[in-house]
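The lines below spell out each chain.
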Amino acid sequence: MSSGGQEDPIKGDKGPSQSALEESPENAPASLDPEVQVVGARQGMFGVRGSGDTSGYGGLRQPVVFPAPSRRPFEGWHEEVAAALDTALAGAGVEAQAVEGVVVHRGEITFHVRREALPAVAKALRDDPALRFELCSGVSGVHYPDDTGRELHAVYHLLSMTWNRRVRLEVTAPDADPHVPSIVATYPTIDWHERETYDMFGLIFDGHPALTRILMPDDWPGHPQRKDYPLGGIPVEYKGGTIPPPDQRRSYN
Amino acid sequence: MSTDQHADQQQDLYAGTNETTEGRVFTVTGQDWDTISQGVAEEADERVVVNMGPQHPSTHGVLRLILELEGETVTEARCGIGYLHTGIEKNMEYRSWVQGVTFCTRMDYLSPFFNEATYCLGVERLLDIEDQVPEKAQVMRVLLMELNRISSHLVAIATGGMEIGALTVMTIGFRERELVLDLFETITGLRMNHAFIRPGGVAQDLPPNAIGDLRDFTALMKKRLPEYAALCNANPIFKGRLEGVGHLDLEGCIALGLTGPVLRSTGYPWDLRKTQPYSGYEDYDFEVQTWDTSDSYGRFRVRLNEMWESLKIVEQATERLAGLEGAPVMIGDKKIAWPSQLAIGSDGMGNSLDHIRHIMGESMEALIHHFKLVTEGFRVPAGQAYVPVESPRGELGAHVVSDGGTRPFRAHFRDPSFTNLQATSVMSEGGMVSDIIVAIASIDPVMGGVDR
């Protein structure tokens, strides 16, 4: 993640105060460690890194890089949870690849779980005495249109009141096959949350007791929170002018 | 349609019937229950499905209830929501990180500061500046959140009272809420939708008269809060309507994900302010309030007691603020801190002339920072964060995802009203129609938060 590189030996006595990478890391080339998760590319006019072109006219593209999977052992209680989960999954006869990777970032731990294994992982997290994640804070969808083959992500936040810990589960599904198993059987509270995620992203939660739209009208076409959902512009009463949809306006993103 | 029915409809414009493929449908408004009672008597073996809301004064907002009745007993209850869906989460993806606050403050309109706080805490965690938020900003956040908890609980109790016919509870509840809103207006400039808590701190410093106003408020509330206890706690009608209604035990709460006063009314002292403190809550002296009856009456008493605890925190925060005069309220990092302070001018609140002189006449760097932050905004490192806070209704959290850009890639709010409303069926099935109103009022859902 960090791209600072080695310590600069001359820094501290007479090094320039502004040019060092440590001083302004946003000018450093984006780290492209093969381990990091590239989930897309962003195009825009500003925010160039790693290229001399700051004019914005070069069609700037830069990869969107998410924090890389962390290596064992993790810090503090994160290691306890990961180890307990491994033991619980082995005990439940779940294949070893159920957890694809673990990211510890900003003190939060994320388990990237294969979607087939999600119900077993959720059940192990809830029932194992060393884990005891009793409360599920719901599921949130995220749509990464450039993350080919894993466009739709479903993100679950779990809370252990016994141990006072939180973990995050993340599963992915391709746009072509937007199915994720439901975990309503383990966490009844996620009923409406899964309906909302279906409504907003079109993620189909297999095994949900009544997967219908919840916020949008029943006959609504499309799933509004997807990044490819068409947004409306605003017609203006001046010589046929329009205000373009927000995703087509000039932006600094 | 037969001619008989046609004649009926002409006689009674407000209570017509018509045949559908699913049976006879009665349209009943106002007091015209004759037609429906007659019709039900004719079809005694049929189930009656009553649609209550979404425009109904007792459903606590635009909540639609679909009730299956047997006599006056509810056999099945389902909620229809989405009438207040405004796409706030989607809108936030097309605005800068700071502008996101302006959107999310409008979700749960009775607890705007909690929406802002959980979002800003998430953004601050992604920026890795959690430790750099100045002390005064933290204290002001706590102060505003606790004042907001008082005003939100007052509305919960007031509207809950109104819905069962206790109008005095409503009038005094809104009378005291007005005092809190006046304080909000003094401190933030607005009574609702403040957009005051920003990533990195808060928008403005305390105005000079705020400390005095806060001290007057706590003194007054100490006289006023006992009135609620005197009016309701042992009131036989109030207790008769609330006790044993909307029962949900600890196991049910955990399974259905209920948090906040509903969870604490089962006797389980789970409060994120104590268990996972944020914004410096560990420095304040207060108790987690619980009750042991798991019913609507318990939830009422928990809310009443929590207002006392909030008042304790407000007092402590006021004293700390009195000693922090002139301290910064925004992070020192000029690449994140919102640059402009507002000032009161002859034509109302507007740009601070001192700030304009500084950027236009004194510092080119300040001008650049101002321009970059206002047009482009700051960039947030890629990643995701979830920092929940204890809102008046339970665990409120924002799942904030950044792709490294100047706008949220995704912001999803786990709203406690949305989650808690799922308990409507289990709290009200088997009870009377009138008890549904009490059960829902005890959950205290705010539809702006449910539908977002």
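Definitions and limits used
Residues numbered from 1 in each chain as written. Chains lettered and ligands numbered in written order. Predicted model: local features only at pLDDT ≥ 70, side-chain atom pairs only at ≥ 80, totals over all residues. Heavy atoms only, no water. Contact = heavy atoms within 4.5 Å. Buried area = accessible area lost by both parts, 1.4 Å probe. Salt bridge = Lys/Arg side-chain N within 4 Å of Asp/Glu carboxyl O. Polar contact = N/O pair within 3.5 Å; in protein donor to acceptor, adjacent residues only side chain to side chain. Helix = DSSP H or I, 4+ residues; strand = E, 2+ residues; numbered from the N terminus. Patch = residues over 30% accessible without salt bridge, like charges linked within 9 Å, V, L, I, M, F, W, Y side chains within 5 Å. Areas by Shrake-Rupley, 256 points an atom, 1.4 Å probe, with all protein chains shown as cover. Domains from an automatic or database assignment. Pairing = 2+ DSSP bridges. Axes fitted to C-alpha atoms, helices over the stretch in contact; angles between N-to-C directions. UniProt positions renumbered as here; feature names shortened; annotations may be inferred. Buried < 20%, exposed > 50% of the residue type's maximum accessible area, 1.4 Å probe, protein only. Arc of directions from axis to C-beta. Left-handed = near helix turned anticlockwise from the far one by under 90°. Disulfide = S-S within 2.5 Å. Parallel < 35°, antiparallel > 145°, perpendicular 65-115°, else oblique. pLDDT = per-residue confidence, 0-100. Core = buried A, V, L, I, M, F, W, Y, C linked by side-chain atoms within 4.5 Å.

### Comments concerning the interface of chain A and chain B
- The partner chain B presents 56 residues to the 55 residues of chain A that form the contact.
- Summing both sides of the interface, chain A and chain B together bury roughly 4700 Å²; the carbon and sulfur share of this comes to 53%.
- Considering only the side of chain A, the residues that lose the most area to chain B are Arg-106, Met-161 and Trp-192 of chain A, jointly responsible for 16% of the buried surface there.
- Here Arg-106 of chain A and Asp-128 of chain B are joined by a salt bridge, their closest N and O atoms 3.6 Å apart.
- At the surface where chain A touches chain B, the tally comes to 23 residue pairs in polar contact (both at pLDDT 80 or more).
- With 8 residues, the single largest contributor to the side of chain A that touches chain B is strand β5 (residues 135-143) of chain A.

### Thoughts on a nonpolar patch on the surface
- A cluster of nonpolar side chains, namely Ile-234, Val-236, Tyr-238 and Ile-243 of chain A, defines an oily patch on the protein surface of about 370 Å² accessible area.
- Mapped onto the secondary structure, Ile-234 of chain A falls in strand β10 (residues 234-235).

### Quick look at the domain arrangement of chain B
All names here are of chain B.
- Structurally, chain B comprises domain 1 (20-80) and domain 2 (88-338 + 377-451).
- The C-alpha-based centres of domain 1 and domain 2 are spaced at 34 Å.
- Of the residues lining the interface, 18 residues belong to domain 1; the matching set on domain 2 comes to 20 residues.
- Of the roughly 1600 Å² buried at the junction of domain 1 and domain 2 (both faces included), carbon and sulfur atoms supply 65%.
- At the junction of domain 1 and domain 2, the tally comes to 1 salt bridge.
- For the salt bridge of Glu-429 with Arg-78, the shortest nitrogen-to-oxygen distance reads 3.0 Å.
- Along the contact surface separating domain 1 from domain 2 lie 6 residue pairs in polar contact (both at pLDDT 80 or more).

### Digging into the sheet that holds strand β3 (residues 48-52) of chain B
Residues and elements named next belong to chain B.
- The 3 strands are arranged β3-β4-β5 in an open sheet whose pairing can be described as antiparallel. Two strands bound the open sheet, and with one partner strand each, they are β3 and β5 (73-80). Shown here is a sheet whose adjacent strand axes are inclined to one another by a mean of 20 degrees, direction ignored.
- Pairing geometry for strand β4 (residues 64-70) and β5, over 7 bridges, is antiparallel. Residue pairing across strands places Glu-68 opposite Glu-76, the latter belonging to β5.
- Along the sheet, helix α18 (residues 433-443) contacts β3, β4 and β5; its crossing angle with β4, the most-contacted strand, is approximately 145 degrees.

### What about the UniProt feature "domain: NADH:ubiquinone oxidoreductase 30kDa subunit" (unreviewed entry) in chain A?
- Taken from the UniProt record, the annotation "domain: NADH:ubiquinone oxidoreductase 30kDa subunit" (unreviewed entry) applies to residues 112-233 of chain A.
- Within the segment residues 112-233 of chain A, helix and strand shares are 18% and 29% respectively, and the terminal C-alpha atoms sit 37 Å apart.

### So, helix α2 (residues 118-127) of chain A
Residue and element names in this part refer to chain A.
- Of all the positions in α2, only Leu-118, Val-121, Ala-122, Ala-124 and Leu-125 are classed as buried. For α2, the buried positions fall inside an angular range of 165 degrees around the axis, keeping them on one side.
- The elements touched by buried residues of α2 are α1 (77-91), β4 (108-113), β6 (152-160), β7 (165-173) and β8 (179-181).

### Side note on the packing of helix α5 (residues 112-127) of chain B against helix α6 (residues 135-163) of chain B
Residues and elements named next belong to chain B.
- Where α5 contacts α6, the two axes come as close as 8 Å, and the packing angle between them is 145 degrees. α6 is crossed by α5, and the crossing has left-handed handedness. Of α6, the residues touching α5 (which contributes Pro-112, Phe-113, Phe-114, Ala-117, Cys-120, Leu-121 and Glu-124) are Arg-141, Leu-144, Met-145, Asn-148 and Arg-149.

### Looking at the state of the cysteines
Residues and elements named next belong to chain B.
- Under the counting rule described, the total for this entry stands at 0 disulfides over all chains.
- With no disulfide of its own, Cys-120 lies closest to Cys-104 among cysteine sulfurs, the gap being 6.7 Å.
- On the accessibility criterion, Cys-120 (0% relative accessible area) is buried.

### Observations concerning the UniProt feature "domain: NADH-quinone oxidoreductase subunit D" (unreviewed entry) in chain B
- The UniProt entry lists residues 164-452 of chain B under the feature "domain: NADH-quinone oxidoreductase subunit D" (unreviewed entry), expressed in the numbering used here.
- Within residues 164-452 of chain B, the helical portion is 49% and the strand portion 11%, while the C-alpha atoms at the span's ends are 27 Å from each other.

### Here's the deal with the sheet that holds β4 of chain A
Residues and elements named next belong to chain A.
- Here we have 5 strands laid out as an open sheet, ordered β3-β4-β7-β6-β5, and mixed in their pairing. At either margin of the open sheet sits one strand with a lone partner, and together these are β3 (99-105) and β5. Shown here is a sheet whose adjacent strand axes are inclined to one another by a mean of 20 degrees, direction ignored.
- The sheet contact formed by β6 and β7 spans 9 bridges and is antiparallel. Bridge assignment links His-157 to a residue of β7, and that residue is Arg-168.
- The sheet contacts of α2 involve β4, β6 and β7, and relative to β7 the element is tilted by about 175 degrees.

### Some thoughts on the pairing of β5 of chain A
All names here are of chain A.
- Most of β5 is tucked away: 9 of the 9 residues are buried.
- In this sheet, β6 lies alongside β5 in antiparallel orientation, the contact comprising 7 bridges. Looking across to β6, one finds that Gly-141 is bridged to Ala-154.

### Digging into the side chain of Glu-68 of chain B
Residues and elements named next belong to chain B.
- Of note, Glu-68 is situated in strand β4.
- Residue classification places Glu-68 among the buried positions, given a relative accessible area of 17%.
- Once you skip the residues sitting within four places of it in the chain, Glu-68 turns out to touch Arg-47, Val-48, Val-49, Thr-73, Val-74, Thr-75 and Glu-76.

### Some details on the packing of helix α8 (residues 210-233) of chain B against helix α13 (residues 296-322) of chain B
All names here are of chain B.
- Packing of α8 against α13 leaves a shortest axis separation of 10 Å and a crossing angle of 165 degrees. If you check the angle between α8 and α13, you find them roughly antiparallel. Considering the relative orientation of α8 and α13, their crossing is left-handed.

### A closer look at the pattern of salt bridges
Residue and element names in this part refer to chain B.
- Summed over all chains, the structure comprises 47 salt bridges over all chains.
- Taking the shortest distance from any N to any O, the salt bridge between Lys-312 and Glu-309 comes out at 3.1 Å. One end of the pair is Lys-312 and the other is Glu-309, both in helix α13 and 3 residues apart, which spans about a single turn.
- Residue classification places Glu-309 among the buried positions, given a relative accessible area of 8%.
- Within this structure, Glu-146, Arg-149, Arg-264, Asp-271, Arg-273, Glu-306 and Glu-390 form a network of salt bridges that share partners.

### A word on the confidence of the model for chain B
Residues and elements named next belong to chain B.
- Of the residues in chain B, 92% have a pLDDT of 70 or more, and the chain-wide mean is 87.
- Confidence, expressed as mean pLDDT per element, reaches its minimum in chain B at helix α1 (residues 3-11) with 47 and its maximum at α5 with 94.
- Considering only residues more than four positions removed or in separate chains, one finds that residues 1-10, a stretch of pLDDT under 50, has 10 contacts.
- Interface confidence for the predicted complex, expressed as ipTM, amounts to 0.83; the pTM equals 0.85.

### Quick notes on the nonpolar core
- In this structure, Tyr-119, Leu-147 and Phe-378 of chain B are the most contacted members of the largest nonpolar core, which totals 100 residues.
- Per-element accounting of this core gives the leading share, 10 residues, to α6 of chain B.
- The residues touching Phe-378 of chain B, leaving out its near neighbours within four places in the chain, are Trp-97, Val-98, Val-123, Leu-127, Pro-199, Lys-335, Ile-336, Leu-373, Gly-405 and Thr-406 of chain B.
- Core analysis: the next-biggest nonpolar cluster, separate from the first, contains 62 residues, Ala-84, Val-139 and Met-216 of chain A together with Val-450 of chain B among them.

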